Structure formats: C-alpha cells, structure tokens
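Coordinate inspection notes
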Amino acid sequence: MKNSEPQLYSEMQSLGSKSSNAESGSESSAQLRERLVEITWDTVAAFLPKAGGTVDSVLERKMIAIAQSCLHRPECSLLDVGCGTGSVLKFLDDCEHAAGEYHGIDISGNMIESAKSQHPGVLFEKANFLQLPVGEGCKKYDTILFNGSIQFFVNQQEVIRHAKSLLHPAGRIVITHANGEEFVRQEQAGNRFLVPSLLPSTDFLEEIAIKNGLVVMERDGTDSSLNDPASFYLQVLADSE
Ligand SMILES: C[S@@+](CC[C@H](N)C(=O)[O-])C[C@H]1O[C@@H](n2cnc3c(N)ncnc32)[C@H](O)[C@@H]1O
C-alpha cells in the first residue's frame, strides 16, 4: 500500500496516531472518527476488483432476504446508507416487487467511484448520512437500508431518529449485516475507535422504535437457516404512524 497508494498510506498513519490520543465524546474526536471511516473505506475500495466479486449460495440467500425486506411494496424508493459498491442492487431484481428509485450514499469517495463504474446510470453520491438534510422539501424514501454500516455510528438512537425523518409514511428502516453479530463483535475488538457500536439489540430497538413512532417487525422465519443473528442479522423497523 505504501507504494501503490502513498497518499492514503500516509493519511492512515497520521490518523492512526491521532485517534489513539483523541478524547472520546469531543467534537474533534467525532470528526477524526468520520475521517478515519472515510479513509479506511477509501483504502478498501482502492483494492477491490473492478467488476465486483462472486457470491456463494449462502450469501446469495442472505442478500435476497435483505432485498425482499427493502422492497415491501411495489416501486419502493430506497436509500442505501453506506452503500459501498452497491452490492444490494443485483438482488433487487430477484424480489416479488419491482424496485423504485435507488439512491446509494457513502462517506467514502472511492467507494462511490467504484459503485458508479460498476452500475452506470444509478444514483450514487458521496455523503455523510447524518448530514443529509431533513424537513420540508427534502427528499424522502419508502425504505432506508443500513447494510453493514450502522456499527460505524456512535449514536444509533440519533441515526434511527434521522432515518425516521427521511421516511415516507408507512416506510421501513432495514438494519442488516450479512455476516451477523459475531463478525461485528470481532471487527470492534480490532478497532474500537473505528467501530464504536455493535449491531443493536432487539430490546434497544424496541425502546427506540416506541420513541419514534416505529415498530420492530417480527422476523419472517421461512428460511430457518437465516434465523441466527450471530451469523445473519436482519431487523426491520416499520413506520406505525
Ligand atoms: C461494511 S461497508 C458496507 C458496504 C455495503 N453496504 C455492502 O454491504 O456491500 C460499510 C460502508 O459504510 C460506509 N459508512 C460508514 N459511515 C458512514 C456515514 N456516516 N455515512 C455514509 N456512509 C458511511 C463506509 O464508508 C463503508 O463503505
């Protein structure tokens, strides 16, 4: 990396030493964390294969389950938060309902460039989710998806509140991770500053849901092999107002 991506390499090194000294909870610590997330995923994107990888049958079933939770009614508009290269897109075609407008956002510019080159003509944008504008005249969605991205936020209550304000009535917030809770636990053990949160517990989601006019939906148990949150996490919050 030092030779192939020298700029990313030197910024990673400098952020690494700053982050070990950052005071948790301070504004500069929050900014530093965001920059570290951005640089980390810029680095990952720089080494991804240009055409996207292959998907085994287990991952395929998980991705179809995620896509189906997103397209809960015909022509759902979908905001994919932390979209990476837009990996969910190809599974939307396998769903009962046709997809509506798709909008992928990611804090990593390299991920967005890679997503655009893999899916020409699809709307991808470099953006920090918490900075998306809300209120009158702002864009709203039928589904807001966090696929493998919610653990990068310090305050998940704030994230869900913000997502709710970007939802159309009867919309859904889909929180998922194809590798499940155990993977994120290990990811966090590797770097607590980069991964400040675990995947939210059902009790936590129930509490936040009530405060925000949402309900935590029962899991569809059709495919019992996908029912263990340790290896596949999928939670859906539906607007109940
Ligand atoms: C594990 S990757 C998941 C990528 C994709 N959803 C997938 O499943 O292939 C997590 C992504 O979340 C993005 N991310 C983290 N924090 C973010 C934020 N505040 N706003 C937007 N994207 C963010 C990262 O840049 C990274 O690309």
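The structure presented is a predicted model; accordingly, all values stated were derived computationally and were not measured.

**Overview of the overall build of the chain**
- Scanning the chain from terminus to terminus reveals eight helices and seven strands.
- Taking the principal axes of its C-alpha atoms as reference, the chain extends roughly 45 × 40 × 40 Å.
- Each of the 241 residues in the chain was classed as buried or not, and the buried ones make up 36%.
- Long-range pairs, those at least 24 residues apart, make up 71% of the contacts in the chain between residues at least 6 apart in sequence.

**Topic: the site of the ligand**
- Around the ligand sit 19 residues, and of these Trp41, Gly82, Gly84, Gly148 and Ser149 come closest.
- If you list the elements that add at least two residues to the shell around the ligand, you get helix 2 (27-46) and strand 2 (99-106).

**Topic: helix 6 (residues 156-165)**
- Where helix 6 is concerned, the buried positions are Gln156, Val159, Ile160, Ala163 and Lys164. Taken end-on, helix 6 shows its buried residues confined to a sector of 135°, consistent with a single buried face.
- The elements touched by buried residues of helix 6 are strand 4 (141-147), strand 5 (167-177), helix 8 (202-211), strand 6 (214-216) and strand 7 (233-239).

**Focus: the nonpolar core**
- Core analysis: the largest hydrophobic core is formed by 56 residues, its most contacted members being Leu145 and Ile173.
- Among the elements that take part in this core, helix 2 stands out by supplying five residues, more than any other.
- Of the residues that make up this core, three or more belong to each of domain 1 (6-46) and domain 2 (57-239).
- Residue contacts for Leu145: discarding those within four places in its chain leaves Cys70, Leu78, Leu79, Asp80, Val81, Val88 and Val174.

**Quick notes on the UniProt feature "domain: Methyltransferase" (unreviewed entry) in the chain**
- What UniProt calls "domain: Methyltransferase" (unreviewed entry) maps, in this numbering, to residues 74-184.
- Secondary structure content for residues 74-184 is 26% helix and 32% strand, and the end C-alpha separation is 32 Å.

**Side note on the environment of Gln235**
- When you line up the elements, Gln235 lands in strand 7.
- Sequence separation between Gln235 and Ile66 is 169 residues, and the spatial gap between their C-alpha atoms is 9.6 Å.

**Brief notes about the pairing of strand 5**
- Taken across its 11 residues, strand 5 has eight buried, putting it largely inside the fold.
- With six bridges connecting them, strand 4 and strand 5 associate as parallel partners. The partner of Asn147 across the bridge, within strand 5, is Thr176.
- As a crossover connection, the stretch from strand 4 through helix 6 into strand 5 is right-handed.
- Here strand 5 runs beside strand 7; their pairing, made up of six bridges, is antiparallel.

**Some points on the domain arrangement of the chain**
- Domain annotation of the chain identifies domain 1 (6-46) and domain 2 (57-239).
- Using C-alpha coordinates to define each centre, domain 1 is positioned 23 Å away from domain 2.
- Across the contact, 11 residues belong to domain 1 and 11 residues belong to domain 2.
- For the side of domain 1 that touches domain 2, the element with the most residues is helix 2, which contributes 10 residues.
- A per-class count over the side of domain 1 that touches domain 2 returns five nonpolar, two polar and four charged.

**Side note on the environment of Val134**
- Tracing the backbone shows Val134 in the loop between strand 3 (123-126) and strand 4.
- The class for Val134 is partly exposed, based on 13 C-beta atoms found within 10 Å.
- Sequence separation between Val134 and Ser165 is 31 residues; the distance between their C-alpha atoms is 6.5 Å.
- Here Val134 is in contact with His162, Ser165 and Leu166, once residues within four sequence places are set aside.

Conventions and cut-offs
- Residues numbered from 1 in each chain as written.
- Predicted model: local features only at pLDDT ≥ 70, side-chain atom pairs only at ≥ 80, totals over all residues.
- Helix = DSSP H or I, 4+ residues; strand = E, 2+ residues; numbered from the N terminus.
- Buried ≥ 20, exposed ≤ 12 C-beta atoms within 10 Å, placed from the backbone.
- Contact = placed C-beta atoms within 7 Å.
- Near = placed C-beta within 6 Å.
- Arc of directions from axis to C-beta.
- Core = buried A, V, L, I, M, F, W, Y, C linked by C-beta atoms within 7 Å.
- Domains from an automatic or database assignment.
- UniProt positions renumbered as here; feature names shortened; annotations may be inferred.
- Pairing = 2+ DSSP bridges.
- Right-handed = clockwise from strand over helix to strand, strands pointing away.
- Nonpolar A, V, L, I, M, F, W, Y, C, P; charged D, E, K, R; others polar.

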